[in-house]
Amino acid sequence: MNMLLLYCGIFSAVRGKDKDMSDVKRVDDTWVPLLLQWFSVHCRELPWRGGTRRDPYKVWVSEIMLQQTKVEAVRPYYESWMERFPDMETLAAASADEVLRQWQGLGYYSRARNLHQAVQEVVASYDGKVPSDTAELVKLKGVGAYTAGAIASIAYGRRVAAVDGNVLRVFARLYNIEENILSGAVKKEITDLVDNVMPAACPGAFNEALMDFGAQVCVPRQPHCEGCPLSSHCLARAAGKEAVLPLRLTKKNIPTEDITVVVCTRQRKWLLHRRPEKGLLASMWEFPNAGGAGAEGIGAVTKLLQSVGLSVVVGAAEIAAVKHVFSHKIWRLHVYRAKAVHGHLQAKEDWQWLPVTAYTEVPWAGPHGKITAVL
DNA sequence: AACTCGGGGAA
DNA sequence: TTCCCAGAGTT
């Protein structure tokens, strides 16, 4: 069966927008009928796509299950779910344990709990009818901007965007958007683009077409540009960047380093060390420190100080813990006091006893500057 | 804006 | 291993 015909009545009225709105920025949307034509042939047969009228409950369940989850993983769960909970009343009456059991293995289990609660709310407070307005939909537990748009457009034919990972990727390529698609700004930019090019005749089919297209043709790696019906409209391809877009910058896991710091005080002076002229925090002053935490860290600092002629006894208590985030690493500074300092500091330019009153006069390594505030 | 939340398939 | 998937809630 051809879903497109149900919602679109063929790809005719795709340009149903007002061409006289001069202050609205126009973008190229001539590819839209090509996408719809592609979808009319290549749309996937999915269990939640049957029927002449899309049941809002079925659309809702499928959209929740599909969050961060591949279609093939969802398919058996959806079938089983609909056998057990064929309508919202049945689901609302079910126990939380039974709902969770049906979800077992699919992951992100808060989706099941939220869906259960939201359906109970719809049954109790919405006369058993799923809202058609996105402003109402997003009030439901587990329904965000994407899911609200998907339900409103697919089940109710509302002209609303549903921007998911597929849509972000497809638009980043079509319009050669080189910024990070995971940023809020780019997501808004693409949402505006979708709103701008969305055909009035078949919003739901258009949204589904974008996702099917992203899943089958404009795939994340090595997009199938040969044979892509939109390749001649693709600005990324024109720029030769179809393989490197979209840009997805995730917060990379930056390593955390434990560093033990020992504050040595003598005659109202602090023992300080100047960092090497090259590298991190070059030439800035810091308290004596060494890598490691606990006894290991204290031992390392003690050994370091012995190498410059000082013998110290470090207090047992950690007097402060300072966290400092760099772009590429995190320092956890464990700060101790030296109870006693013996010996004479060897004459070295990068080791000094500095009056505590002069601490504002030297360049402090940032993390150690935080320690002076604690002291 | 960054974290957390599951699990599976693909490169 | 790493990436990515029809994201949303929390902090």
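Residues numbered from 1 in each chain as written. Chains lettered and ligands numbered in written order. Predicted model: local features only at pLDDT ≥ 70, side-chain atom pairs only at ≥ 80, totals over all residues. Heavy atoms only, no water.

Participant: Explanation requested: the protein's contact with DNA strand B in the structure shown.
Facilitator: All residues in the neighbourhood of DNA strand B are listed as Q68, T69, K70, G105, L106, G107, Y108, Y109, R111, G184 and K251. Across the atoms of DNA strand B situated within 4 Å of the protein, the share located in sugar and phosphate is 42%. Between DNA strand B and L106, the relevant distance is 3.2 Å, taken from a base nitrogen to a main-chain nitrogen or oxygen of the residue. At 3.2 Å from a phosphate oxygen of DNA strand B is found a main-chain nitrogen or oxygen belonging to Y109. Its residues assigned to classes, the surface near DNA strand B comprises 3 nonpolar, 5 polar and 3 charged. (Near = heavy atom within 4 Å. Polar contact = N/O pair within 3.5 Å; in protein donor to acceptor, adjacent residues only side chain to side chain. Nonpolar A, V, L, I, M, F, W, Y, C, P; charged D, E, K, R; others polar.)

Participant: So what exactly am I meant to see when it comes to the environment of Q352 here?
Facilitator: Relative to the elements of secondary structure, Q352 occurs in strand β8 (residues 351-355). Taking the C-alpha atoms as reference points, Q352 and R274, 78 residues apart in sequence, are found 8.4 Å from one another. With sequence-adjacent residues up to four places away left out, Q352 is seen in contact with W270, L271, L272, W285 and L345. A polar contact of 3.4 Å, which involves the side chain of Q352, links it to the backbone oxygen of E349. (Helix = DSSP H or I, 4+ residues; strand = E, 2+ residues; numbered from the N terminus. Contact = heavy atoms within 4.5 Å.)

Participant: Help me out: how do you make sense of the pairing of strand β3 (residues 269-274) in this one?
Facilitator: Side-chain direction in a regular strand flips from residue to residue, so the side chains alternate between the two faces of the sheet. Pairing geometry for strand β2 (residues 265-266) and β3, over 2 bridges, is antiparallel. Across the sheet, residue R266 finds its bridge partner in β3, namely K269. The pairing of β3 with strand β4 (residues 285-286) spans 2 bridges and is classified as antiparallel. When the bridges of β4 are listed, H273 appears paired with E286. (Pairing = 2+ DSSP bridges.)

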